[in-house]
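Breakdown of the fold
So you can see what is in the structure, the chains are spelled out below.
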Amino acid sequence: MNRRLILPLVVFLAGALALAAAAFITFSPPRQGASGTASVGGPFSLTTVDGKTLTDKELRGAPFLVFFGFTHCPDICPTKLFEISEALRAAGSKGEKLRALFISVDPERDTPEVLKSYLGSFDPRIVGLTGDRAAIDATIKAYRAYSKKVPLKDGDYTMDHTALVYLMDKNGGFVGAFNIERPPAEAAAEWLRHL
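This section reports on the structure supplied with the text.

If you check which residues of helix 3 (residues 112-119) are buried, you get P112, L115, Y118 and L119. Taken around the axis of helix 3, the buried residues stretch over an arc of 130°, which confines them to a single face. Away from its buried face by more than 90 degrees, helix 3 exposes E113 and S117. Elements that come into contact with the buried residues of helix 3 comprise strand 1 (45-48), helix 2 (76-91), strand 4 (99-104) and strand 5 (126-130).

What follows covers the sheet that holds strand 8 (residues 165-168). If you trace the seven strands from one edge of the open sheet to the other, you get 2-1-5-4-3-8-9, paired in mixed fashion. One side of each edge strand has no neighbouring strand; the edge strands of this open sheet are strand 2 (53-55) and strand 9 (174-177). Strand-to-strand twist across the sheet, computed as the mean angle between neighbouring axes with direction ignored, equals 35°. Of the pairings in the sheet, the one linking strand 1 to strand 2 comprises three bridges and is antiparallel in character. The partner of L46 across the bridge, within strand 2, is L54. In the packing of helix 3 onto the sheet, contacts are made with strand 1, strand 4 and strand 5, and the angle to strand 5 comes to roughly 155°.

Here we take up the packing of aromatic side chains. Within this structure, the stated rule accounts for eight aromatic pairs. Between F68 and Y166, the ring centres sit 6.1 Å apart and the planes meet at 85°, which makes this aromatic pair edge-to-face. Placement of the pair is F68 in strand 3 (residues 64-69) and Y166 in strand 8, with a sequence separation of 98 residues. The burial state of F68 is the same as that of Y166; both residues are buried. Their ring planes at 75° and their centres at 5.5 Å tell us that Y143 and Y166 sit as a pair that is edge-to-face. One end of the pair, Y143, is in the loop between helix 4 (133-142) and strand 6 (147-151); the other, Y166, is in strand 8, with 23 residues separating them in the sequence.

Calculation notes
Residues numbered from 1 in each chain as written. Predicted model: local features only at pLDDT ≥ 70, side-chain atom pairs only at ≥ 80, totals over all residues. Heavy atoms only, no water. Buried < 20%, exposed > 50% of the residue type's maximum accessible area, 1.4 Å probe, protein only. Helix = DSSP H or I, 4+ residues; strand = E, 2+ residues; numbered from the N terminus. Arc of directions from axis to C-beta. Contact = heavy atoms within 4.5 Å. Pairing = 2+ DSSP bridges. Axes fitted to C-alpha atoms, helices over the stretch in contact; angles between N-to-C directions. Phe/Tyr/Trp six-rings, centres within 6.5 Å; stacked < 30°, edge-to-face > 60°.

Dropping the structure here:
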């Protein structure tokens, strides 16, 4: 196979896997927890861009979004973060309590300092989170997400990951997949309905 075709093929396959994982999460019957609610989400303790610990309990009181990604992502992550920023902007003053979590699936490269620099281009209500590999993996598992390191031919690597945006209610319960790919005012209106 022509070497020039390998990288586009790897990128295409990574995207196809991410789409399949998102479809599986969205359309598969949810597992039921002890309370009878869908078991997506759960306790976590991760590190913010300021080096402080943030837990799921500190987010209670307002609905929030969760998106898994990484700072070396070429297109999906910056696009989603831009769309989330636009929805937050459209929410106006009513959305002051809204937060979106950008949880790195690449903690080896995404230190708090790297995340802080990367997120400087987006709405400040997007909270960058990282941690050690065990904490990140536990959070990915709790959200029924997917992440995998994919080696590149030059010795570098990329990350294949779930591209789904999760909407959590003000009690930290899973509401559903959040369609961020629509007019910002529509996305903001749905998000605000859960206040």
